[in-house]
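The chain contents come next:
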Amino acid sequence: MARMMSVAIAAGAVLILSTTTASAQSLTYGAGAGVTLPMGDFKDAAKTGWHALGFIGYAMPSGLGLRGEGFYGQNTFKATSSVKGKLSGGLGSVSYAFGHSVGIKPYVIGSAGVFNVKATGPGGSASETKFAFGGGAGLKLPVGTDGNLFLESRYLTAQTSGGSTSFIPITVGFSFGK
């Protein structure tokens, strides 16, 4: 897992350092938390859970944005509350913000990366690290001179053995940068 996070951080650093027109772009970073709604096969086994995420990236004047994200979440299983489902991973995301107004900015986001899906309980644990992808939309509300309150929702899925682990994280957070 530490190796995955190192790769995600390194990829984000390469994106940041390879930029040639830094004056026309804005470094962005932020963090958020919220609820995780299980979907599909995962919904059959798990209850609504929680998650937290952090990101760093670049926003361009055109509305295009790139960001590297770290994600961690946890859900309790329906059969017994002593079994937890843990979701952790790194994502690379591309976003596009609509409009250049001073008020609320809607945006769309697409993500791909790697997730570790782990079930832990009194009898031990089992985990898989798999490719994950998804997309969604969000809203940014400017706060102060360089801050934004954001609300975002995505559909994410990791193709695990015998099915998939799909979920919708609904995130509220704060970011800096345009």
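Details of the structure are given in the entry above.
Structural notes, computed from the coordinates. (Residues numbered from 1 in each chain as written. Predicted model: local features only at pLDDT ≥ 70, side-chain atom pairs only at ≥ 80, totals over all residues. Heavy atoms only, no water.)

Some points on the packing of aromatic side chains
At step 1: Enumeration according to the criterion identifies nine aromatic pairs in this entry.
At step 2: With centroids separated by 5.8 Å and ring planes inclined at 40 degrees, the aromatic side chains of Phe-71 and Phe-167 adopt a geometry described as tilted. In this pair, Phe-71 is assigned in strand β3 (residues 64-76) and Phe-167 in strand β8 (residues 165-176), connecting sequence segments 96 residues apart.
At step 3: We classify Phe-71 as buried; its relative accessible area is 5%.
At step 4: On the basis of an interplanar angle of 80 degrees and a centroid distance of 5.1 Å, the ring pair of Tyr-96 and Phe-98 is categorised as edge-to-face.
At step 5: Taking the relative accessible area as the measure of exposure, Tyr-96 reaches 35% and is therefore partly exposed. (Phe/Tyr/Trp six-rings, centres within 6.5 Å; stacked < 30°, edge-to-face > 60°. Helix = DSSP H or I, 4+ residues; strand = E, 2+ residues; numbered from the N terminus. Buried < 20%, exposed > 50% of the residue type's maximum accessible area, 1.4 Å probe, protein only.)

Examining the sheet that holds strand β4 (residues 84-97)
At step 1: Pairing is antiparallel in the closed barrel, where eight strands are placed in the order β1-β2-β3-β4-β5-β6-β7-β8. Between one strand axis and the next, the sheet turns by 25 degrees as a mean value, whatever way the strands run.
At step 2: Two elements, β3 and β4, share 13 bridges in a ladder whose sense is antiparallel. Considered in β4, the bridge of Gly-68 is made with Gly-92. (Pairing = 2+ DSSP bridges. Axes fitted to C-alpha atoms, helices over the stretch in contact; angles between N-to-C directions.)

Quick word on the layout of surface pockets
At step 1: Its boundaries defined by the atoms lining it, the second largest pocket holds a volume of some 260 Å³.
At step 2: Lining the second largest pocket are 17 residues, with Phe-77, Val-117, Glu-128, Thr-160 and Thr-165 positioned closest to its centre.
At step 3: Mapped onto the lining of the second largest pocket, the elements with two or more residues apiece are α2 (40-45), β5 (105-121) and β6 (124-143).
At step 4: A breakdown of the residues in the lining of the second largest pocket according to their chemical character gives six nonpolar, eight polar and three charged. (1 Å grid on protein atoms, 1.4 Å probe; cavity = no way out; pocket = protein on both sides within 12 Å on 5 of 7 lines; lining within 4 Å. Points joined across faces, edges and corners; volume = space filled by probe spheres on them. Nonpolar A, V, L, I, M, F, W, Y, C, P; charged D, E, K, R; others polar.)

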